[in-house]
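Observations on the model geometry
Letter by letter, the chains look like this.
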Amino acid sequence: MEISNNAVVGLTYELKVSKEQDEIESAPFSVEVRDEEDPFYFIFGQSGLPEKFESYLAGKKEGESFSFIIPTADAYGEADEELIMALPKDQFSKERGFEPFMLEEGNFLPLMDENGYPLQAKVLKDLGEEVLLDFNHPLVGFDLHFEGEVLEVREATPEELDHGHVHGEHGFDHK
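For the structure given in this document, a descriptive report is provided here. Everything numeric here is computed off the predicted structure, so don't read it as measured data.

Moving on, we get to a negative patch on the surface. Together, Glu20, Asp22, Glu23 and Glu25 give the surface a local cluster of negative charge. With respect to the helices and strands, aspartate 22 occurs in the loop between strand E2 (20-21) and strand E3 (24-25).

Right, here's the structure in full:
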């Protein structure tokens, strides 16, 4: 079966990223590896990933390998200055499930948006009473280099299509 809309796709891959600065591309470094122990499953057409990611995989079959680069503009774009903001430290209290070490520079804070969706913010700087956070996607400003193999392609079940994700993939089930 070929990868097409509403197919369930399982992939193994390595994701490397690189940045272009002053016309010079940095050497790609690895940021994520999904192997056969922990493959990445998604419903084609509903992955929530950059469109180009899916378009490069369309028509591939089980066992086929892939290698492609998604440039920054087609991936997560450039950083948005408006998504960098200082918030009062008392919003990140123990009562709300935060520990002091979580506010150390360079850490990613697990947060929720107003609709209850998980998001993360990178701690840029401790400003004393406030903490400077970057809500840009962690891969903003990078070219994405994907290399991997199609592990599985199958029809999605009606339930999976209904929920928009592969059963058990997100560690929780919508009841």
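Let's pick the thread back up.
Bringing the sheet that holds strand E7 (residues 84-88) into the picture now. Taking strand neighbours across the sheet as the criterion, the 4 strands line up as E7-E10-E9-E8 in an open arrangement whose pairing is antiparallel. Of all strands in the sheet, those bounded by a partner on one side alone are E7 and strand E8 (108-112). Neighbour-to-neighbour, the strand axes of this sheet turn through a mean angle of 45°, independent of strand direction. In the sheet, E7 pairs with strand E10 (residues 130-134) via 5 bridges, with the strands oriented antiparallel. Residue pairing in the sheet places isoleucine 84 in a bridge with aspartate 134 of E10.

The next thing to look at is the packing of aromatic side chains. This model, assessed by the stated rule, comprises 12 aromatic pairs. Centroid distance phenylalanine 29 to phenylalanine 142: 6.1 Å. Interplanar angle 85°. Geometry classified as edge-to-face. Highlighted residues: phenylalanine 29 in strand E4 (residues 29-34) and phenylalanine 142 in the loop between E10 and strand E11 (143-155), separated in sequence by 113 residues. Assessed through its relative accessible area of 15%, phenylalanine 142 is described here as buried. Residues phenylalanine 68 and phenylalanine 146 carry aromatic rings whose centres are separated by 5.5 Å and whose planes lie at 35° to one another, so their mutual orientation is tilted. With phenylalanine 68 in strand E6 (residues 65-70) and phenylalanine 146 in strand E11, the pair connects residues that are 78 residues apart, well separated along the chain.

Further remarks concern the environment of leucine 109. If you trace the backbone, leucine 109 turns up in strand E8. A relative accessible area of 0% means that leucine 109 is categorised as buried. A sequence separation of 17 residues divides leucine 109 from phenylalanine 92, and the C-alpha atoms of the two residues are 9.5 Å apart. Residues in contact with leucine 109, not counting those within four places in the same chain, are Phe92, Phe98, Met102, Leu103, Leu119, Gln120, Ala121, Val123 and Leu133.

About the cut-offs
- Residues numbered from 1 in each chain as written.
- Predicted model: local features only at pLDDT ≥ 70, side-chain atom pairs only at ≥ 80, totals over all residues.
- Heavy atoms only, no water.
- Patch = residues over 30% accessible without salt bridge, like charges linked within 9 Å, V, L, I, M, F, W, Y side chains within 5 Å.
- Areas by Shrake-Rupley, 256 points an atom, 1.4 Å probe, with all protein chains shown as cover.
- Salt bridge = Lys/Arg side-chain N within 4 Å of Asp/Glu carboxyl O.
- Lys, Arg positive; Asp, Glu negative; His and termini not counted.
- Charge placed at Lys NZ, Arg CZ, Asp CG, Glu CD.
- Helix = DSSP H or I, 4+ residues; strand = E, 2+ residues; numbered from the N terminus.
- Pairing = 2+ DSSP bridges.
- Axes fitted to C-alpha atoms, helices over the stretch in contact; angles between N-to-C directions.
- Phe/Tyr/Trp six-rings, centres within 6.5 Å; stacked < 30°, edge-to-face > 60°.
- Buried < 20%, exposed > 50% of the residue type's maximum accessible area, 1.4 Å probe, protein only.
- Contact = heavy atoms within 4.5 Å.

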